[in-house]
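Letter by letter, the chains look like this.
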Amino acid sequence: MHKIEIKNKLPELENVVKFLGEFGKENNILPKIVSIYNIVLDEILSNTIMYGYEDKEEHTIAIEFELSKSMLICKVTDDAVEFDPTKVAKPDLSLDVESKRIGGLGIHIVKKMTDYFSYKRDNNKNIVLFKKKIS
Amino acid sequence: MEIKEQKQGEIVILDLIGQIDVNSSQEFQEKFTEIVSRKEKFVILECSNLSYVSSSGLRVFLMFLKHMNQIGGKLVLSTMPEVMFEVFEISGFDSIFTITDTLDEGIAEFN
């Protein structure tokens, strides 16, 4: 298990990108898969940091990676307000250029790009788990 | 991210380099604002050097397209990497943008 902890500040996401890049290289994970994990984590973590905290305190978010035979498993744990991203409604993708909206698109991308995506609330913490086949 | 610019006649070619995520989308948006203030009408966003784009980046691509449509200009996206095209498809963006396989084909769109 490989773990990185960040504070609830957007610039900290750059540390996640760096960590994932090194983890990918060490474990010979295809750059394409690393990119997909970067996208998914950008969506999930930016959502939590921008909308998940009602106070101005510093909070810690933990991101853990585990490599199984054919899957890369990622678990994100935070103490933000309760939020189940798996329940976010699918955005209307058929809209024309002028009516198109970005809201809800991030989580839709996460659902489509992962093979498994789950949420649970445990001990006042949000735990998001996602997996993708890597070979 | 890094953005390199070149001009070919009236066409502005922006070579987007790196990734467009929640942090770097700010830079991309600043470039967009600059292009708007310069009243450029023909823009190619060359994507071969992009590793990925998240929804924060999609927001700026959409701003670009809406603006170019409004002023009667044209926007072309060229040489999109596989993962980026997947994000565009998932988001229903592949049908609203002009996307070409190569930069040359992108330039040809303006002829």
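Residues numbered from 1 in each chain as written. Chains lettered and ligands numbered in written order. Predicted model: local features only at pLDDT ≥ 70, side-chain atom pairs only at ≥ 80, totals over all residues.

### Some remarks on helix H1 (residues 25–37) of chain B
All names here are of chain B.
Consideration 1: Relative to the 18 Å expected for 13 residues at 1.5 Å per residue, H1 spans 18 Å between its end C-alpha atoms, a close match to the ideal helical length.
Consideration 2: What H1 keeps buried is the set Ser25, Phe28 and Ile35. The buried side chains of H1 occupy one side of the element, clustering within an arc of 75° when seen end-on. Set apart from the buried face of H1 by more than 90 degrees, the exposed residues are Glu30, Thr33, Glu34 and Ser37.
Consideration 3: Summarising the contacts, the buried residues of H1 are in contact with strand S2 (11–20), strand S3 (42–46) and helix H2 (55–70).
Consideration 4: Directly after H1, the chain includes Lys39, whose backbone phi takes a positive value near 60°. (Helix = DSSP H or I, 4+ residues; strand = E, 2+ residues; numbered from the N terminus. Expected span 1.5 Å × (residues − 1). Buried ≥ 20, exposed ≤ 12 C-beta atoms within 10 Å, placed from the backbone. Arc of directions from axis to C-beta. Contact = placed C-beta atoms within 7 Å.)

### Regarding the sheet that holds strand S1 (residues 2–7) of chain A
All names here are of chain A.
Consideration 1: Spatially, the 5 strands line up as an open sheet ordered S1-S2-S3-S5-S4, and their pairing is antiparallel. The open sheet has two edge strands with one neighbour each: S1 and strand S4 (116–122). Across the sheet, the mean angle separating the axes of adjacent strands is 15° when strand polarity is ignored.
Consideration 2: Relative to strand S3 (residues 71–78), strand S2 (residues 60–67) is paired through 6 bridges, and the arrangement is antiparallel. If you follow Glu64 over to S3, its bridge partner there is Lys75.
Consideration 3: Seen against the sheet, helix H1 (residues 13–26) touches S1 and S2 and runs at an angle of roughly 170° to S1. (Pairing = 2+ DSSP bridges. Axes fitted to C-alpha atoms, helices over the stretch in contact; angles between N-to-C directions.)

### Considering the packing of helix H2 (residues 31–51) of chain A against helix H3 (residues 82–90) of chain B
Consideration 1: Axis separation between H2(A) and H3(B) bottoms out at 9 Å; the angle between their running directions is 40°. Comparing their axes, H3(B) and H2(A) come out oblique. Where H2(A) crosses over H3(B), the two elements pack in a sense that is right-handed. Touching Lys32(A), Ser35(A), Ile36(A) and Ile39(A) of H2(A) are Glu82(B), Val83(B) and Val87(B), all from H3(B).
Consideration 2: In terms of residue class, the contact of H2(A) with H3(B) is built from 4 nonpolar, 1 polar and 2 charged. (Parallel < 35°, antiparallel > 145°, perpendicular 65-115°, else oblique. Left-handed = near helix turned anticlockwise from the far one by under 90°. Nonpolar A, V, L, I, M, F, W, Y, C, P; charged D, E, K, R; others polar.)

### Section: the packing of H1(A) against H2(A)
Residues and elements named next belong to chain A.
Consideration 1: The geometry of H1 relative to H2 is characterised by a closest axis approach of 10 Å and an angle of 155° between their N-to-C directions. Comparing their axes, H2 and H1 come out roughly antiparallel. Crossing of H1 against H2: the hand is right-handed. Seen from H1, the contacting residues are Leu13, Val16, Val17, Leu20, Gly21 and Gly24; seen from H2, they are Val34, Tyr37, Asn38, Leu41, Asp42, Leu45 and Ser46.
Consideration 2: Here the contact of H1 with H2 is built from residues that sort into 8 nonpolar, 4 polar and 1 charged.

### Thoughts on the interface of chain B and chain A
Size of an interface: often given as the accessible area lost when the parts come together.
Consideration 1: On the side of chain A, 23 residues touch chain B, which itself brings 22 residues to the contact.
Consideration 2: Elements supplying a minimum of two residues to the side of chain B that touches chain A: strand S4 (50–53), H2 and H3 of chain B.
Consideration 3: Here the side of chain B that touches chain A is built from residues that sort into 9 nonpolar, 9 polar and 4 charged.

### With respect to the pairing of strand S5 (residues 74–78) of chain B
Residues and elements named next belong to chain B.
Consideration 1: Among the 5 residues that make up S5, 4 are buried, leaving the element largely enclosed by the rest of the structure.
Consideration 2: In the sheet, S3 pairs with S5 via 5 bridges, with the strands oriented parallel. Paired with Phe42 across the two strands is Lys74, which belongs to S5.
Consideration 3: The pairing of S5 with strand S6 (residues 98–100) spans 3 bridges and is parallel. What sits directly across from Leu77, in S6, is Ile99.

### Section: the nonpolar core
Consideration 1: Judged by nonpolar contacts, the single largest core of 56 residues is most densely connected at Tyr37(A), Val40(A) and Met84(B).
Consideration 2: The element that contributes the greatest number of residues to this core is H2(A), accounting for 9 residues.
Consideration 3: Residues contacting Met84(B), with those up to four places away along its chain left out, are Cys47(B), Leu50(B), Tyr52(B) and Val53(B). (Core = buried A, V, L, I, M, F, W, Y, C linked by C-beta atoms within 7 Å.)

### Points about unusual backbone geometry
Residues and elements named next belong to chain A.
Consideration 1: Located in the positive-phi region is Asn28, a residue other than glycine, with phi close to 55°.
Consideration 2: Along the chain, Asn28 falls in the loop between H1 and H2.
Consideration 3: One non-glycine residue with positive phi stands out, namely Asn124, at about 60°.

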